[in-house]
Amino acid sequence: GRAAGATTADARPTGVVSTNILGDVVEELVGDQAQVVTLMKPNADPHSFEISAQEAATLRSADLLVSNGLGLEEGLQQHLDGAVDVPAFVAGDAIEVLDYSEGDAAGMPDSHFWTDPERMIDVVDAIGPVLAEVDGIDAEALDSTIADYRDELRELDAEMVEAFATIPDERRALVTNHHVFGYLAERFDFEVVGAVIPGGTTLAAPSASDLADLVNAIEETGVPAIFAESSSPDRLVQALASEANVQVEVIELFTESLTEPDEGAPDYLTMMRVNTERITTGLTQ
């Protein structure tokens, strides 16, 4: 999308999207039929990013407001709640929701549904009719772009099934520093073991006992690699590896944010493919 400042001269409808992962998907679906303003910048944290007064005004005047929901946009929620006159689509309302299984957030809904492409297909299917209702969007052209993108999501899903099938059962354990892979684990039959950062938020700091738990998890599973997300410092994970004398590779994954175009994960499909390749390579080495 373009900068919010360009909105005045543009006659097309405006969709405002909270996260950059959903922003990318919505852009793929609407093509050039609408202006898509994505609030979350590349490499930002969806839990805590903030928006400018101008972006807040754009949000309140949008033709459609798309958000993730399920408690993800903690720093943005007041703005989302305040835009009462704007038609809203909440992606989390369109999927079968999983709860966190462990950590501080156990029993709370897990907001990271995009790690399962089938869940993203559910979101695309649900947002289609909502986008079609927006004045100025041609339904036939929309149907065509949605069908194309759905095919790409199906292809991604098939690639993930095929790649993960090469990982032996005893290696199908994801040790991560943040609970973002619950949906991927359920869909593709991984066990999620211990996280350096407890609970579902990036804002909590790990304790000594969390680190001890992690060492135990690594030793019990015997995994050759653990995974850290790109949006949070993995120095911690590396310190753990050296101090605890655990011989394990720390592999960076893209989890909650897309990157700048030249930084490895410019769009949702690429992000998922890179993660799939890194998880598969890390666990089969």
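Residues numbered from 1 in each chain as written. Predicted model: local features only at pLDDT ≥ 70, side-chain atom pairs only at ≥ 80, totals over all residues. Heavy atoms only, no water.

Chemist: Can you break down a negative patch on the surface residue by residue, with the values?
Modeler: A contiguous patch of negative charge, built from Glu-28, Asp-148, Asp-151, Glu-152 and Glu-155, is present on the exposed surface. Looking at which element gives the most residues to the negative patch, the answer is helix H5 (residues 139-164), with 4 residues. Relative to the helices and strands, Asp-151 resides in helix H5. A relative accessible area of 52% places Asp-151 in the exposed class. (Patch = residues over 30% accessible without salt bridge, like charges linked within 9 Å, V, L, I, M, F, W, Y side chains within 5 Å. Areas by Shrake-Rupley, 256 points an atom, 1.4 Å probe, with all protein chains shown as cover. Salt bridge = Lys/Arg side-chain N within 4 Å of Asp/Glu carboxyl O. Lys, Arg positive; Asp, Glu negative; His and termini not counted. Charge placed at Lys NZ, Arg CZ, Asp CG, Glu CD. Helix = DSSP H or I, 4+ residues; strand = E, 2+ residues; numbered from the N terminus. Buried < 20%, exposed > 50% of the residue type's maximum accessible area, 1.4 Å probe, protein only.)

Chemist: Would you mind going over the environment of Glu-73 in detail, with residue names and values included?
Modeler: Looking at where Glu-73 falls in the secondary structure, it is placed in the loop between strand E3 (64-67) and helix H3 (77-82). Residue classification places Glu-73 among the buried positions, given a relative accessible area of 0%. Taking the C-alpha atoms as reference points, Glu-73 and Met-40, separated by 33 residues in sequence, lie 10.0 Å from one another. Those residues within four positions of Glu-73 in sequence are excluded, and the remaining contacts are Ser-18, Thr-19, Pro-46, Ser-67, Asn-68 and Leu-80. Within the structure, the side chain of Glu-73 is placed 2.6 Å from the backbone nitrogen of Asn-68, a separation counted as a polar contact. (Contact = heavy atoms within 4.5 Å. Polar contact = N/O pair within 3.5 Å; in protein donor to acceptor, adjacent residues only side chain to side chain.)

Chemist: Hey, could you go over unusual backbone geometry for me, with residue numbers and the actual values?
Modeler: Located in the positive-phi region is Asn-43, a residue other than glycine, with phi close to 65°. Residue position: Asn-43 is located in the loop between strand E2 (35-38) and helix H2 (53-60). The class for Asn-43 is partly exposed, based on a relative accessible area of 39%.

Chemist: Go over the packing of aromatic side chains, please, and point to the residues and values.
Modeler: Within the structure shown, the criterion is met by 3 aromatic pairs. Their ring planes at 75° and their centres at 5.8 Å tell us that Phe-113 and Trp-114 sit as a pair that is edge-to-face. An identical accessibility class is assigned to Phe-113 and Trp-114; each is buried. With centroids separated by 5.3 Å and ring planes inclined at 70°, the aromatic side chains of Phe-164 and Phe-188 adopt a geometry described as edge-to-face. (Phe/Tyr/Trp six-rings, centres within 6.5 Å; stacked < 30°, edge-to-face > 60°.)

Chemist: Lay out the environment of Val-97 with the relevant residues and their values.
Modeler: Examined against the element boundaries, Val-97 turns out to sit in the loop between strand E4 (88-90) and helix H4 (117-132). Residues Val-97 and Pro-109 lie 12 residues apart in sequence; the distance between their C-alpha atoms is 6.6 Å.

Chemist: Break down the sheet that holds strand E1 (residues 14-17) for me, citing the residues and quoting the values.
Modeler: Spatially, E2-E1-E3-E4 is the arrangement adopted by the 4 strands of the open sheet, whose pairing is parallel. The open sheet terminates on both sides in strands that have one partner only, identified here as E2 and E4. Each strand of the sheet is rotated relative to its neighbour by a mean of 20°, with strand direction disregarded. Bridge analysis of E1 against E3 gives 3 bridges, and the strand direction is parallel. Note that in E3 the partner of Val-17 across the bridge is Val-66. Across the sheet, helix H1 (residues 20-30) touches E1, E2 and E3, and the angle it forms with E2 is around 175°. The sheet contacts of H4 involve E3 and E4, and relative to E4 the element is tilted by about 175°. (Pairing = 2+ DSSP bridges. Axes fitted to C-alpha atoms, helices over the stretch in contact; angles between N-to-C directions.)

Chemist: Can you break down the pattern of salt bridges residue by residue, with the values?
Modeler: Scanning the model with the defined rule gives 9 salt bridges in all. For Arg-150, the salt bridge goes to Asp-125, with nearest N and O atoms at 2.7 Å. Remark: Asp-125 occurs in helix H4 and Arg-150 occurs in helix H5; sequence separation between them is 25 residues. The partly exposed category is assigned to Arg-150, whose relative accessible area is 26%. Assessed through its relative accessible area of 36%, Asp-125 is described here as partly exposed. Residues joined by salt bridges that share partners form a network here, namely Asp-116, Glu-118, Arg-119, Asp-157, Glu-186 and Arg-187.

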